[in-house]
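Chain by chain, the residues run as shown.
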Amino acid sequence: MIESDVIIVGGGPVGCVLANKLSNELNLKCLIIEKRNHIAGNCYDEYNKKGLLYHKYGPHYLRFKNRKTLNYLSKFTKWIPGEYIVKTYVNKKLYPIPINLETLEMFFKRKFNSKKDVENFLNQKRVRIKKIKNAEDFILSKLGKEIYENFYKNYTIKQWGIHPRNLSKTITGRLPIRINRNPYYVKEKLRLMPKKGFTKMFKKMINNRNVTIRLNTDFNKIKKKLKFKYFLIYTGEPDRYFNYKFGKLNWRSLIFKFKNYNKKFLQKCVQYNYPNDYKYTRTVEIKHVTKQKSNHTVISKEYPTNKGDPYYPIINDKNLRLFKKYENLMNKEAKNNIFFEGRLARYTYYNTDEVIERALDLYLTLKKKFKTIRSQKSSIRL
Ligand code: UDP
């Protein structure tokens, strides 16, 4: 038997935050079980042989909706500004993306004199759709056919292997649409990058003698040997946890190809998107954000695929219906002190700050539960 006060399945952001809080504040022994050979989940970054810090599972553009999550993370890292500027390659030209005033001016080859002017123009372009049902409707109704076809349609098909008509409007709705010249990729003003990287930040978070980590360990293979005293926290795929009882959830994955260059920089900004050309969706030169000083640089190309580790839940009606069934089972597990959290477990397209915030909230629930369990145990003893 392998015993611990708390067993945490997955050493990603959720697992690390909960291990940190439960071990420090409630003095509980936490065992993290992680399938990969490292912690930090898809936020994992490491130095390559040229000494360049790179994001192994794609760029993580940390942003905050509020100071609470930022203040918490600031205990484990210093910050540098998050200069996330992205361009998209359309008809052999690089345009700002998210769509902003400059994109519209470049693409439609005209100037706009006022906010009213752009609004009137977009009003003529918009396709009138009564009920916005999917990712295609969403963009057509806001920006019209030309922008949809050149900037969104093929990128979405490449990224998801599914037509935007069969995907939730929340997917294309992730990108802001701007009628000003703001060039940043994300809408939040608090955009930051951990100064020494994500992995260092998460390592510091779980640096407590109450925390043990078992890497290269598949929870499913050892679960019969595990025993927890207070809680089990599961951050993996829900269908897997329940032995695919209702069927398999669909996920989208990525393959990354990295290449080093003996150059200071190759791109003008951190990311270029390729909606209509090539098999990859984007190239990322993270050095634009990490601001490392080096005569070398590293570029990644992202190839979407259905095989491999789950990265993205595929949000459409069919998958959400299936997930609901698993969600019911997950909710019932709370009475056994088993809790589910994170992008995979909740089958939701959360950003890193959002899962950290959710983990902090879950901690408050667990803290209350812990006090109840403790008081029940002591009253039995009396
Ligand atoms: N998207 C697009 N064109 C772009 C960038 C994004 O059509 O140039 C759409 C696409 O459907 C994508 C979604 O917007 O899946 C969300 O993009 P985001 O960059 O937020 O994806 P992530 O960084 O999470 O992979």
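Residues numbered from 1 in each chain as written. Predicted model: local features only at pLDDT ≥ 70, side-chain atom pairs only at ≥ 80, totals over all residues. Heavy atoms only, no water.

1. Details of the pairing of strand 1 (residues 2-9)
And step 1. Summarising burial for strand 1: seven of the eight residues are buried, a large majority.
And step 2. Two strands pair when backbone bridges link them, and strand 1 and strand 11 (residues 226-234) are joined in this way by seven bridges, in the parallel orientation. By the bridge assignment, Ile 7 is partnered in strand 11 with Leu 232.
And step 3. In this structure, strand 1 lies alongside strand 2 (residues 30-33), joined through four bridges in parallel fashion. (Buried < 20%, exposed > 50% of the residue type's maximum accessible area, 1.4 Å probe, protein only. Helix = DSSP H or I, 4+ residues; strand = E, 2+ residues; numbered from the N terminus. Pairing = 2+ DSSP bridges.)

2. A few points about the side chain of Asn 351
And step 1. Here Asn 351 shows up in the loop between strand 17 (338-340) and helix 13 (352-381).
And step 2. The contact partners of Asn 351, leaving out residues within four places of it in the chain, are Arg 63 and Arg 174. (Contact = heavy atoms within 4.5 Å.)

3. Remarks on empty space enclosed by the protein
And step 1. With the rule as written, the count across this model stands at one cavity of 30 Å³ or more.
And step 2. Space inside the largest cavity adds up to approximately 60 Å³.
And step 3. Every residue lining the largest cavity is listed: Tyr 54, His 55, Gly 58, Pro 59, Phe 258, Val 284, Glu 285, Ile 286, Val 298 and Ser 300.
And step 4. Those elements giving two or more residues to the lining of the largest cavity turn out to be strand 4 (53-55) and strand 15 (297-305).
And step 5. Residue composition of the lining of the largest cavity, by class: six nonpolar, three polar and one charged. (1 Å grid on protein atoms, 1.4 Å probe; cavity = no way out; pocket = protein on both sides within 12 Å on 5 of 7 lines; lining within 4 Å. Points joined across faces, edges and corners; volume = space filled by probe spheres on them. Nonpolar A, V, L, I, M, F, W, Y, C, P; charged D, E, K, R; others polar.)

4. Quick word on the sheet that holds strand 5 (residues 63-64)
And step 1. An order of 5-9-6 is seen for the three strands of this open sheet, with the pairing classed as antiparallel. Both edges of this open sheet fall to strand 5 and strand 6 (79-81), since each of them pairs with a single strand only.

5. Concerning the packing of helix 3 (residues 101-108) against helix 4 (residues 115-125)
And step 1. Contact geometry of helix 3 with helix 4 gives a least axis separation of 12 Å together with a crossing angle of 60°. The angle between helix 3 and helix 4 places the two elements in the oblique class. Between helix 3 and helix 4 lies a crossing whose hand is left-handed. Contacts from Leu 101, Leu 104 and Phe 108 of helix 3 reach helix 4 at Val 118, Phe 121, Leu 122 and Lys 125.
And step 2. Residues belonging to the contact of helix 3 with helix 4 are distributed by class as follows: six nonpolar, no polar and one charged. (Axes fitted to C-alpha atoms, helices over the stretch in contact; angles between N-to-C directions. Parallel < 35°, antiparallel > 145°, perpendicular 65-115°, else oblique. Left-handed = near helix turned anticlockwise from the far one by under 90°.)

6. Comments concerning the pattern of salt bridges
And step 1. Enumeration over the complete set of coordinates arrives at 20 salt bridges.
And step 2. Between Lys 291 and Glu 83 there is a salt bridge whose closest N-O contact spans 3.1 Å. Of the two residues, Lys 291 is situated in the loop between helix 11 (287-290) and strand 15 and Glu 83 in the loop between strand 6 and strand 7 (86-90); the sequence distance between them amounts to 208 residues.
And step 3. When its relative accessible area of 34% is taken as the criterion, Glu 83 is described as partly exposed.
And step 4. Across the pair Asp 218 and Arg 240 runs a salt bridge whose closest N-O atoms are separated by 3.0 Å. (Salt bridge = Lys/Arg side-chain N within 4 Å of Asp/Glu carboxyl O.)

7. Looking at the site of the ligand
And step 1. In the region of the ligand, 16 residues are neighbours, and Thr 156, Trp 160, Tyr 185, Tyr 312 and Tyr 349 sit closest.
And step 2. Within the backbone of Phe 151, a nitrogen or oxygen atom sits 3.0 Å from a nitrogen atom of the ligand.
And step 3. Between the ligand and the protein, one listed contact pairs an oxygen atom with a side-chain N or O atom of Tyr 349 at 2.6 Å.
And step 4. In the complex, the protein chains occlude 94% of the 530 Å² of accessible area that the ligand would expose alone.
And step 5. Going through the elements one at a time, helix 6 (145-160) and helix 7 (169-172) are the ones with two or more residues in the shell around the ligand.
And step 6. No other element matches the six residues that helix 6 contributes to the shell around the ligand.
And step 7. For the shell around the ligand, a count of residues per class yields 10 nonpolar, four polar and two charged. (Near = heavy atom within 4 Å. Polar contact = N/O pair within 3.5 Å; in protein donor to acceptor, adjacent residues only side chain to side chain. Areas by Shrake-Rupley, 256 points an atom, 1.4 Å probe, with all protein chains shown as cover.)

8. So, the environment of Asn 48
And step 1. Structurally, the position occupied by Asn 48 is in the loop between strand 3 (45-47) and strand 4.
And step 2. Taking the relative accessible area as the measure of exposure, Asn 48 reaches 17% and is therefore buried.
And step 3. Residues within four places of Asn 48 in sequence aside, it is in contact with Tyr 54, Asn 260 and Val 298.
And step 4. For Asn 48, the side chain forms a polar contact with the main-chain nitrogen of Lys 50, separated by 2.9 Å.

9. Quick notes on the sheet that holds strand 8 (residues 93-97)
And step 1. With mixed pairing, seven strands are arranged side by side in an open sheet as 8-7-13-14-15-12-16. Taken across any chain shown, the strands that pair with only one partner, and hence form the sheet edges, are strand 8 and strand 16 (312-313).
And step 2. With three bridges joining them, strand 14 (residues 282-284) and strand 15 adopt antiparallel strand pairing. Its bridge partner being in strand 15, Thr 283 is matched across the sheet by Lys 301.
And step 3. The strands touched by helix 6 within the sheet are strand 7, strand 8, strand 12 (251-261), strand 13 (271-273), strand 14, strand 15 and strand 16, with strand 12 carrying the most contacts at an inclination of about 100°.

Read these as geometric descriptors, not functional statements.
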